[in-house]
Amino acid sequence: MPLASPAAVNARPIVAVIGLAAGCGTTTLARALAATLARRDHSGAAIVSSQAPGAASNLAVRSATRLAARVSSGGAQARAAGRLCITNADQPEALVRLAPVVLDLPPGEHPQIELAHVTVLVVPGDAEPALAELAARNLRRVGRQPLTVVTRAADPERWQQRAFLLLPASHVGARLAAAGWEARGPLGAAIARIADACEEAACE
């Protein structure tokens, strides 16, 4: 059964978040970004599509609960957590009619990237910058120039002029993101910068 959708909303972004390596914080960033986009969107919710949804809070705002029910009506698994509808649906071009969409992708090649307005490459701080640049070039071949975001960077100087931004560490922010809520403090401000870039790309 096809998703029941309201009229398309201009400038809602589809964002692909992909990790350079497993365990580098891709899911945390995807959820934090989606929660920030949800707060800005008139629907009050956002969709995170992931093939391995993982744990999340059972608490959710009403708009996320309604969104999860609507996505489930299309045959996909979906549940509400915080401001998010977390699902395994793989139809970003249809889902974006309902709310902003963030694709939480593991390392590897993913055709969905071609449908994204912007790709965020998540890189662990101990990775080689040259390897991250190579991965960004490869992603550029199937979409737009990705935003490189570095997590847990012990030596920030290694990433000067080589990354869009370095995410500040925040255990509280990571827990909020895992539960489907936007991060606060310096981490929240960094996520807001990524959200700004994603919304700008959707308007182009």
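Please read all numbers here as calculations on a predicted model, not as lab measurements.

Caption draft 1: Looking closely at the overall build of the protein. For the protein, the helix and strand inventory stands at six helices and eight strands. When its helices and strands are written in sequence order, the protein yields β-α-β-α-β-β-α-β-β-α-β-β-α-α. Whereas a compact globule of 204 residues would reach a radius of gyration of roughly 17 Å, the protein reaches 16 Å, a difference of no more than 12%. In terms of its C-alpha atoms, the protein occupies a principal-axis envelope of roughly 50 × 35 × 30 Å. Taking all 204 residues of the protein together, 50% fall into the buried category. For the protein, long-range pairs separated by at least 24 residues make up 70% of all intrachain contacts whose partners lie at least 6 apart in sequence.

Caption draft 2: Region of the structure containing the nonpolar core. Counting residues in each nonpolar core, the largest one holds 34 residues, and the members touching the most others are Val15, Val17, Leu29, Leu33, Val120, Leu167 and Ile194. Residues in contact with Leu33, not counting those within four places in the same chain, are Val15, Val17, Ile191, Ile194, Ala195 and Cys198. Ile18, Ala76, Ala89 and Ala135 belong to the second-largest nonpolar core, a separate cluster that totals 32 residues.

Caption draft 3: Quick peek at the sheet that holds strand E5 (residues 101-105). Across the sheet, which stays open at both edges, the eight strands sit in the order E3-E4-E2-E5-E1-E6-E7-E8 with mixed pairing between neighbours. The two strands at the open ends of the sheet, each matched to only one other strand, are strand E3 (78-81) and strand E8 (165-167). Adjacent strand axes in the sheet meet at a mean angle of 25° when their direction is disregarded. Inspection of the sheet shows E3 paired to strand E4 (residues 84-87) by four bridges, in the antiparallel sense. Considered in E4, the bridge of Arg79 is made with Ile86.

Caption draft 4: View of the state of the cysteines. If you walk through the whole model with that rule in mind, you get zero disulfides. Cys85 takes part in no disulfide bond, and the closest cysteine sulfur to it belongs to Cys198, at a distance of 19 Å. We classify Cys85 as buried; its relative accessible area is 0%.

Caption draft 5: Highlighting helix H6 (residues 185-203). Helix length check: H6 (19 residues) gives 27 Å between terminal C-alpha atoms against 27 Å at 1.5 Å per residue, within 8%. Looking at the buried residues of H6, the elements they touch are strand E1 (14-19), helix H1 (26-40), strand E6 (118-124), strand E7 (147-151), E8 and helix H5 (171-178).

Caption draft 6: Summary view of the pattern of salt bridges. Under the criterion given, the structure shown has seven salt bridges. Taken together, the salt bridges that share partners define one network made up of Arg39, Arg83 and Glu182.

Caption draft 7: Up close: the packing of aromatic side chains. Per the counting criterion, the structure on display carries zero aromatic pairs. Over the ring of Phe164 we find Arg193; its NZ or CZ atom is 5.1 Å from the centre of that ring.

Caption draft 8: Molecular detail of unusual backbone geometry. Positive phi outside glycine occurs at Arg152, with the angle close to 50°. For Arg152, the position within the fold is in the loop between E7 and E8. A positive phi angle, near 65°, is found at Gln161, a position not held by glycine. Residue placement: Gln161 occurs in the loop between E7 and E8. Residue classification places Gln161 among the exposed positions, given a relative accessible area of 82%.

Calculation criteria
- Residues numbered from 1 in each chain as written.
- Predicted model: local features only at pLDDT ≥ 70, side-chain atom pairs only at ≥ 80, totals over all residues.
- Heavy atoms only, no water.
- Helix = DSSP H or I, 4+ residues; strand = E, 2+ residues; numbered from the N terminus.
- Rg over C-alpha atoms; globule rule 2.2 N^0.38 Å.
- Buried < 20%, exposed > 50% of the residue type's maximum accessible area, 1.4 Å probe, protein only.
- Contact = heavy atoms within 4.5 Å.
- Core = buried A, V, L, I, M, F, W, Y, C linked by side-chain atoms within 4.5 Å.
- Pairing = 2+ DSSP bridges.
- Axes fitted to C-alpha atoms, helices over the stretch in contact; angles between N-to-C directions.
- Disulfide = S-S within 2.5 Å.
- Expected span 1.5 Å × (residues − 1).
- Salt bridge = Lys/Arg side-chain N within 4 Å of Asp/Glu carboxyl O.
- Phe/Tyr/Trp six-rings, centres within 6.5 Å; stacked < 30°, edge-to-face > 60°.
- Lys NZ or Arg CZ within 6 Å of the ring centre and 35° of its normal.

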